[in-house]
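Inside the fold
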Amino acid sequence: RRFEDMGVDLIMLSEHLNRDFKTLRAIRKAVKCELALIANVGCIYDCPNALTHANSTAHSGTKGQNALFADPFMVFCFGKRLENPEELIKIRWIRPEDVGHYEDVGIDVLKIIERYSTTETLAERVKAYCQRHYDGNILSLLGQMIDVKRMKGRQKELQIKRFLSFPTPGRLRNLKKGKDFGELFASPVYELLSIDNKSLPPNFIKSFETRDCRANDCRTCGNCKAMASKAVRVLDEATLADKRARLAQSLDEIRAGSALY
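Every value quoted in this text rests on a predicted model; they were computed, and no experiment measured them. The residue count restarts for each chain, going from 1 along the sequence in the order it is written. Reporting of local features is limited, given that this is a predicted model, to residues whose pLDDT is at least 70; pairs of side-chain atoms are given and counted only at 80 or more, and all residues count toward the totals for whole chains, interfaces and linings. Excluded from the side-chain calculation are hydrogens and water; included are all heavy atoms of the structure.

**Quick look at the overall build of the protein chain**
In DSSP terms, a helix is any run of H or I states spanning at least four residues, a strand is any run of E spanning at least two, and both are numbered starting from the N terminus. Tallying secondary structure elements over the protein chain gives twelve helices and five strands in all. Each residue's exposure class comes from its accessible area (1.4 Å probe, protein chains only) as a fraction of the maximum for that residue type: buried when under 20%, exposed when over 50%, partly exposed otherwise. Within the protein chain, the proportion of its 261 residues that are buried is 45%. Whether two residues are in contact is decided by their heavy atoms, any of which lying within 4.5 Å being enough. Sequence-distant contacts in the protein chain: of pairs separated by 6 or more residues, those separated by 24 or more amount to 81%. Methods summary: accessible areas were calculated by the Shrake-Rupley approach with a probe of 1.4 Å, and residue burial reflects only the protein chains presented. Split by element, the accessible area of the protein chain, about 13,700 Å² in all, is 53% carbon and sulfur.

**Quick notes on the environment of N137**
Within the fold, N137 resides in the loop between α6 (119-131) and α7 (153-161). Here the alpha-carbon distance between N137 and V232, two residues 95 residues apart in the chain, equals 9.4 Å. With residues near it in sequence (within four places) discarded, N137 still touches Y190, L193, S194, I195 and L235. Here the side chain of N137 touches Y190 through a polar contact of 3.2 Å, landing on its backbone oxygen. A distance of 2.9 Å separates a polar side-chain atom of N137 from the backbone nitrogen of I195. We call two N or O atoms a polar contact when they sit within 3.5 Å, provided that within protein one can donate a hydrogen and the other can accept it, with sequence-adjacent residues counted only if both atoms are side-chain atoms.

**What about empty space enclosed by the protein?**
Whether a set of points on the 1 Å grid over the protein atoms alone is a cavity depends on a 1.4 Å probe fitting there but being unable to get out, while an open set qualifies as a pocket with protein on both sides within 12 Å along at least five of seven lines; lining residues are those with an atom within 4 Å of a point. Grid points are joined across faces, edges and corners, and a volume is the space filled by probe spheres set on the points. Per the counting criterion, the structure on display carries two cavities of 30 Å³ or more. In this structure, the largest cavity occupies an estimated 140 Å³ of space. Looking at the largest cavity, it is lined by 16 residues, and the ones nearest its centre are K90, C213, C218, C221 and C224. Counting only elements with at least two residues in the lining of the largest cavity, the list comes to α4 (85-90), α10 (218-221) and α11 (223-231). Ranked by residue count, the leading element in the lining of the largest cavity is α11, at three residues. For this classification, Asp, Glu, Lys and Arg are treated as charged, while Ala, Val, Leu, Ile, Met, Phe, Trp, Tyr, Cys and Pro are nonpolar and the rest, including Gly, are polar. Counted by class, the lining of the largest cavity contains six nonpolar, three polar and seven charged residues. Counted as a void, the second largest cavity has a volume near 60 Å³. For the second largest cavity, the full set of lining residues is H16, R19, D20, Y45, R92, R211, D212, C213 and R214.

**As for the confidence of the model for the protein chain**
A low pLDDT score tells you not to read the predicted coordinates there in detail. Per-residue confidence for the protein chain averages 85 on the pLDDT scale, and 80% of its residues sit at or above 70. pLDDT: the predictor's confidence for each residue, scored from 0 to 100. Counting contacts from residues 164-172, a segment whose pLDDT is below 50, to residues more than four positions away or on other chains yields 19 contacts.

**What about the side chain of S207?**
For S207, the location among the structural elements is in the loop between β4 (193-195) and α10. In this structure the side chain of S207 is engaged in a polar contact, spanning 2.6 Å, whose partner is the backbone oxygen of F204. Those residues within four positions of S207 in sequence are excluded, and the remaining contacts are N223 and M227.

**Focus on helix α1 (residues 21-30)**
By the burial criterion, the buried members of α1 are F21, L24 and R28. Projected down its long axis, α1 shows its buried positions confined to an angular sector of 60°, all on one face. Set apart from the buried face of α1 by more than 90 degrees, the exposed residues are K22 and K29. Of the surrounding elements, those touching the buried residues of α1 are β2 (34-38) and α5 (99-105). Think of the arc as the fan of directions from the helix axis to the C-beta atoms.

**Looking at unusual backbone geometry**
The omega torsion across I113 and E114 is 15°, close enough to zero to call that bond cis. Residue placement: E114 occurs in the loop between β3 (109-111) and α6. Despite not being glycine, D46 has its phi angle at roughly 55°, a positive value. Following the sequence through the fold, D46 ends up in the loop between β2 and α2 (50-60). The backbone of R132 sits at a positive phi, close to 55°, despite the residue not being glycine. One can find R132 in the loop between α6 and α7.

Pasting the structure below:
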């Protein structure tokens, strides 16, 4: 059945399609309902942990659940972003300057995330996309980046529980480990690295029009790597090196199970 026949007014498309214009145009041609994309997506592109991460987080909050829940996915993603600047370009975010391009493709709605952020943070993001212009570090516009400094008060407390859910008072080591994990994210990505929006090429989004990222090998293409070499800057060398080392150690502890016992 067609979506319209099912009473569907709007479809939220996968964030991984943000730069897959062949597919976006095909979807637009196939349906009449409105189409929406997340504009300031922050998850790494084609993340292998996406479904497992979502399911693990959901089940860790199940009523009556008191088991220890280590979240290796946050550690993996944060480390991936810090270790390889190319991954920051690959993330399927949409530049405020490219809003018109998506309108031409037939996208009706761009969603701005995320709900954990303060009102001031969300207002800054909405303003950038409404004005279709942004001077600054584009990473500061992105959601899903573990930005505890710009979270609502209650969410800062809940963030630690995403790493170790429901630790009992007797598990003092677990509480300490939860604190250690929380400290890893005390400095958000945009304080360590920067993508100067104005350093990106004017034809940034059009460079993806002729590429099929799902069918090509990134090592052969080199488009994102070339842009990263020009646009990504390190803002704090010492802190970045410390975070990289601690993230690698934490991920090893989770894999080995020593973080749990």
